[in-house]
Amino acid sequence: MAQRLSSAQSAYLRQHADNPVDWWPWGSEAFAEAARRDVPVFVSIGYAACHWCHVMAHESFEDPEVAAFLNDRFVSIKVDREEHPDVDDAYMAATQALTGQGGWPMSVFALPDGRVFHAGTYFPPRRAGQVPSFTEVLHAVDDAWTQRREQVQDQAVAIAEALDKQRRRQSQLATVVHTPGDDAAPLLESRAMAAITAQVLQALIADEDTVHGGFGAAPKFPPSPLLGWLLEESAWARREDPTGPADRAGGLAVHTMEAMARSALFDHVEGGFARYATDQAWQLPHFEKMLSDNAQLLGAYTRLSRHPAADSEVQARAERVARMTTTWLMERMRTADGLLASSLDADTQDAQGHRAEGSTYLFSDEQLYEAATHSGLGSAQAHRLTQLNRGVPADEHALRAGAPLNISAATPRTVHFDEPLTGADRELWEAVLPQLQRIRARRRQPARDDKVVAAWNAQAVRSLAEAAMVWDDAEVLSIAEQLAETLWTVHAVPETEGARIHRTSYGGVRGERLGTLADHAQVANACFSLASALVGTGREHPWGRRAQEVLSWTLTRAVQRSTDDDALTLADTFEESAAPGQTGPQLASPVDGPEPSSIAALAQALQTSAALQHAAVLDPADILHHVPVVAPQAPLAAGGSLTAARRAAVGSPAFRILSATAADLAEVRRAGALLGIPLEQLGESAVVGPEQQLALSVCLTGPGGGVCLAPAQTVRGALAGIS
């Protein structure tokens, strides 16, 4: 039935092409068909790597009776959330408002104009306690549509109006209204940020899982945007005395990152992190691996590998995680056109088409023992290796219920260590690792979604550029350059007003849809980072100019000002009627999710642009007014904005090198990556040579213009003038 999906670029849509459900792709044609037939719309939203999306597809969408009812009473639309993040965001807000929770698959029922009147997530094929079956839901919605149409329509109107007001309030929370003669003190002052930082750290300490690391209870997600801010805040706290007493930000970051790195969330065989853990101890992940997570975590572990808050053993473990993740990205996620795929599936499909979550990644004690002896280890050493693993079977329900797991020597389970591997134990693992990799390679592999998403590839470029700076690694820098150049060639379209970015590409062919505000902002951030990484290499490059081109194009379309009160809002999309039930572009939100919010990403790009003393089109402080309100109450939702705010609060510093040796340049680049300070391109009078004395200035940008501090002969000395 779903022949409309058979030729779709999206792997997620093609997964449903053989369903008996008469699926439509997202678009006006589907809603027009619903209006013509006078039936409601069923919108099912997910993504290719989603385990529970596969479960619901098998249980319900492959069921002929369920499909027949859907086809008779609804117009059914299948949406790839990664292709349409604005659609996903709008419907997720409705789902959370109606049910108090969200997730995928998302199951939404809407009027023929797209406005929601009922929503949920996964529905089972049979009632489970208070959770109705999918068939029950369909019949209830159909009954409401046919018997209480006016009530359904009124509810949809009320939900749409409430969500529109909520989104507008949320968006305006981040921005400022300018009034004539406005001379209020700037939001981002150093003392004000110090007070906000203290409140945020206190909130995080109260929410920290002091036993297992991370924040909150199960399910537990890597706090990726927040980790970047914690590491940077700690680096600034230690800039005068790197070996000084422990700081709270650094302690929180180290504890969480060490816990994740030894847990089953991290793939100890190939590298890379799973999306999240289903349990509080990080023992059982949902096994999908997302580029969006790994691109961010690569940068965080790279910085930890040289961070003053970490001792030498923690640094070494962090570098191992970062380098394994880099290798995994290049070997497993790089597509034929040279960009990075969006995800690996949570499930592995066998020859008969049966799906099993995580089966590629699990090892029994017997398998570990055999791999160890095959690698030349003795019986006692092989037995020790099995004792080290504290993983669990891939049985989420048993783990959640606290039921006995009944682990035997033959039980496949995750690889999880309660403590970091050190000394002889680390040597045992390293000895058996090549054999485990060979075993893994012979297994059936989870499917890869080759969709390329601009924002996520840009985040990977940024992290790789930072890794090259932190490690002084020319090979990693080359990888970052190649990835960035391909991303620009495929996704960027130069125009007279700058350069626009397209959201996705498949096989080197860019999609038609424009990127979101986050796509544009993250590409600009990647370009700025790569420009800093190339300072002192002697190579001409276009990255600083390209960053400005993207920012220029973005700001001409994203910034919306009211003619009445000069109120500022930011558009998250640049196409009309992109989201359901809306007549114009969707407004941007300042709230972080698994990745920094679009407003946070833009604020970081604007702050870097200001630091490099480019003409200011929009002050980053103008879109960070949510920080004092949101950050102390919900730090996990504000990490990206906190990063931009703390940089602006110290004057948006940039390093200006007047003279240096090659070793000095490497030290300055490393400091820039750890502290979030960009490097200006070398001036014509700058001198680099083996006999040169370092002369380093810090240039600050404030409301009254820029000023450069007196040059110093050390990085620490150059930073001493910043309050």
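Remember, it's a predicted structure, so these values are computed and weren't measured experimentally.

### Topic: the overall build of the chain
Within the chain, the secondary structure is distributed over 25 helices and 23 strands. For the chain, whose C-alpha radius of gyration is 26 Å, the value lies close to the compact-globule estimate of 27 Å for 723 residues. Along the longest, intermediate and shortest principal axes, the C-alpha atoms of the chain span 80 × 80 × 45 Å. Taking all 723 residues of the chain together, the buried fraction comes to 59%. Put simply, of all contacts in the chain between residues at least 6 apart along the chain, 70% involve residues at least 24 apart. Taken as a whole, the chain presents about 28,300 Å² of accessible surface, with 50% of it coming from carbon and sulfur. When the 60 positive and 89 negative side-chain charges of the chain are each reduced to one mean point, those points stand 2 Å apart.

### Notes on the pairing of strand S15 (residues 498–501)
Within a regular strand, side chains alternate between the sheet's two faces. With four bridges connecting them, strand S14 (residues 492–495) and S15 associate as antiparallel partners. In the strand pairing of S15, Ala492 is matched with Ile501. Once S14 ends, the chain turns through two residues before running back antiparallel as S15.

### Looking at helix H7 (residues 149–173)
Along its 25 residues, H7 runs 36 Å from first to last C-alpha, staying within 8% of the 36 Å computed at 1.5 Å per residue. Those residues of H7 that sit buried are Val152, Ala156, Ile159, Leu163, Arg167 and Ser171. Buried-residue contacts for H7 involve helix H5 (85–99), strand S5 (116–120), helix H6 (134–147) and strand S19 (568–570).

### Details of helix H10 (residues 248–262)
Between its first and last C-alpha, H10 extends 22 Å over 15 residues, near the 21 Å set by a 1.5 Å rise per residue. The buried fraction of H10 is high, at 12 of 15 residues. Of all the positions in H10, only Ala249, Gly250, Leu252, Ala253, Val254, Thr256, Met257, Glu258, Ala259, Met260, Ala261 and Arg262 are classed as buried.

### A short note on the sheet that holds strand S12 (residues 448–449)
If you trace the three strands from one edge of the open sheet to the other, you get S8-S9-S12, paired in antiparallel fashion. Bordering the open sheet on either side are strand S8 (289–290) and S12, each of which pairs with just one other strand. In the sheet, strand S9 (residues 343–344) pairs with S12 via two bridges, with the strands oriented antiparallel. Within S12, the position partnered with Ser343 by the bridge is Asp449.

### Overview of the environment of Arg168
Position of Arg168 among the secondary structure elements: in helix H7. Along the chain, Arg168 and Ala217 lie 49 residues apart, while their C-alpha atoms are 31 Å from each other. Setting aside chain neighbours within four positions, we find Arg168 in contact with Thr569 and Leu587.

### Comments concerning the packing of aromatic side chains
For the structure on display, the rule yields 20 aromatic pairs. Aromatic pair Phe123 and Phe134: ring centres 6.4 Å apart, planes at 25°, arrangement stacked. With Phe123 in the loop between S5 and H6 and Phe134 in helix H6, this residue pair connects regions lying 11 residues apart in the sequence. Of the two residues, Phe123 and Phe134, both sit in the buried class. Note on Phe287 and Tyr361: the rings are 5.8 Å apart at their centroids and 5° apart in plane angle, and the pair reads as stacked. In this pair, Phe287 sits in the loop between strand S7 (285–286) and S8 while Tyr361 sits in the loop between strand S11 (355–357) and helix H13 (365–374), placing the two residues 74 residues apart along the sequence. Since its relative accessible area comes to 9%, Tyr361 is described here as buried. Clustering of aromatic rings is evident, with ring pairs tying together Trp23, Phe42, Phe61, Phe69, Phe74, Phe109, Phe123 and Phe134. Across from the ring centre of Trp145, 3.8 Å away, lies the NZ or CZ of Arg149, which sits over that ring. Sitting over the face of the ring of Trp456, Arg503 holds its NZ or CZ atom 5.7 Å from the ring centroid.

### A word on the confidence of the model for the chain
Overall, the predicted model of the chain reaches an average pLDDT of 92, with 95% of residues at or above 70. Below a pLDDT of 50 lies the segment residues 178–185, which in the model reaches five contacts outside its immediate sequence neighbourhood of four places, other chains included.

### Points about the packing of helix H4 (residues 64–73) against H6
Closest axis-to-axis distance for the H4/H6 pair is 11 Å, and the angle between their directions is 20°. Between H4 and H6, the angle is such that the two are roughly parallel. Crossing of H4 over H6 shows left-handed handedness. When H4 is examined against H6, the residues Val66, Phe69, Leu70 and Arg73 are found in contact with a partner set consisting of Phe134, Thr135, Leu138, His139 and Asp142. Of the residues contributing to the contact of H4 with H6, the split by class is five nonpolar, two polar and two charged.

### Comments concerning the environment of Ala194
On the secondary structure map, Ala194 appears in helix H8 (residues 190–207). Between the C-alpha atoms of Ala194 and Arg646, which are 452 residues apart in sequence, the distance is 8.7 Å.

### Points about the pattern of salt bridges
Side chains that carry opposite charge are capable of pairing whenever their charged atoms lie near each other. Overall, the coordinates contain 46 salt bridges when judged by the stated rule. Ionic pairing is found between Arg646 and Glu233, a salt bridge with its closest N-O pair at 3.0 Å. Here Arg646 is found in helix H23 (residues 639–649), whereas its partner Glu233 is found in helix H9 (residues 224–237), with 413 residues between them in sequence. According to the relative accessible area criterion, Arg646 is buried, its value standing at 8%. What makes Glu233 buried here is its relative accessible area of 16%. A salt bridge links Glu430 to Arg426; the shortest N-O distance between them is 3.4 Å. With Glu430 and Arg426 both in helix H16 (residues 423–442) and four residues apart, this pair spans about one turn of that helix. With relative accessibility at 34%, the residue Glu430 sits in the partly exposed group. By sharing partners, the salt bridges in this structure join Asp80, Glu82, Asp449 and Lys451 into a single network.

### A few points about the nonpolar core
Formed by 146 residues in total, the largest nonpolar core has its most connected members in Leu230, Tyr301 and Phe655. Top contributing element to this core by residue count: helix H17 (residues 454–471), with 13 residues. Apart from the residues within four sequence positions on either side, Tyr301 is in contact with Met257, Met260, Ala261, Phe273, Ala318, Val321 and Ala322. In terms of nonpolar packing, the next biggest core, distinct from the first, is built from 35 residues, Phe42, Cys53, Phe74 and Ala156 among them.

### As for the environment of Arg503
As for its position among the elements, Arg503 is in the loop between S15 and strand S16 (504–506). In this structure, the C-alpha to C-alpha distance between Arg503 and Thr348, residues 155 residues apart in sequence, is 28 Å. Polar side-chain contacts of Arg503 include one of 3.0 Å to the side chain of Asp519.

About the cut-offs
Residues numbered from 1 in each chain as written. Predicted model: local features only at pLDDT ≥ 70, side-chain atom pairs only at ≥ 80, totals over all residues. Heavy atoms only, no water. Helix = DSSP H or I, 4+ residues; strand = E, 2+ residues; numbered from the N terminus. Rg over C-alpha atoms; globule rule 2.2 N^0.38 Å. Buried < 20%, exposed > 50% of the residue type's maximum accessible area, 1.4 Å probe, protein only. Contact = heavy atoms within 4.5 Å. Areas by Shrake-Rupley, 256 points an atom, 1.4 Å probe, with all protein chains shown as cover. Lys, Arg positive; Asp, Glu negative; His and termini not counted. Charge placed at Lys NZ, Arg CZ, Asp CG, Glu CD. Pairing = 2+ DSSP bridges. Expected span 1.5 Å × (residues − 1). Phe/Tyr/Trp six-rings, centres within 6.5 Å; stacked < 30°, edge-to-face > 60°. Lys NZ or Arg CZ within 6 Å of the ring centre and 35° of its normal. pLDDT = per-residue confidence, 0-100. Axes fitted to C-alpha atoms, helices over the stretch in contact; angles between N-to-C directions. Parallel < 35°, antiparallel > 145°, perpendicular 65-115°, else oblique. Left-handed = near helix turned anticlockwise from the far one by under 90°. Nonpolar A, V, L, I, M, F, W, Y, C, P; charged D, E, K, R; others polar. Salt bridge = Lys/Arg side-chain N within 4 Å of Asp/Glu carboxyl O. Core = buried A, V, L, I, M, F, W, Y, C linked by side-chain atoms within 4.5 Å. Polar contact = N/O pair within 3.5 Å; in protein donor to acceptor, adjacent residues only side chain to side chain.

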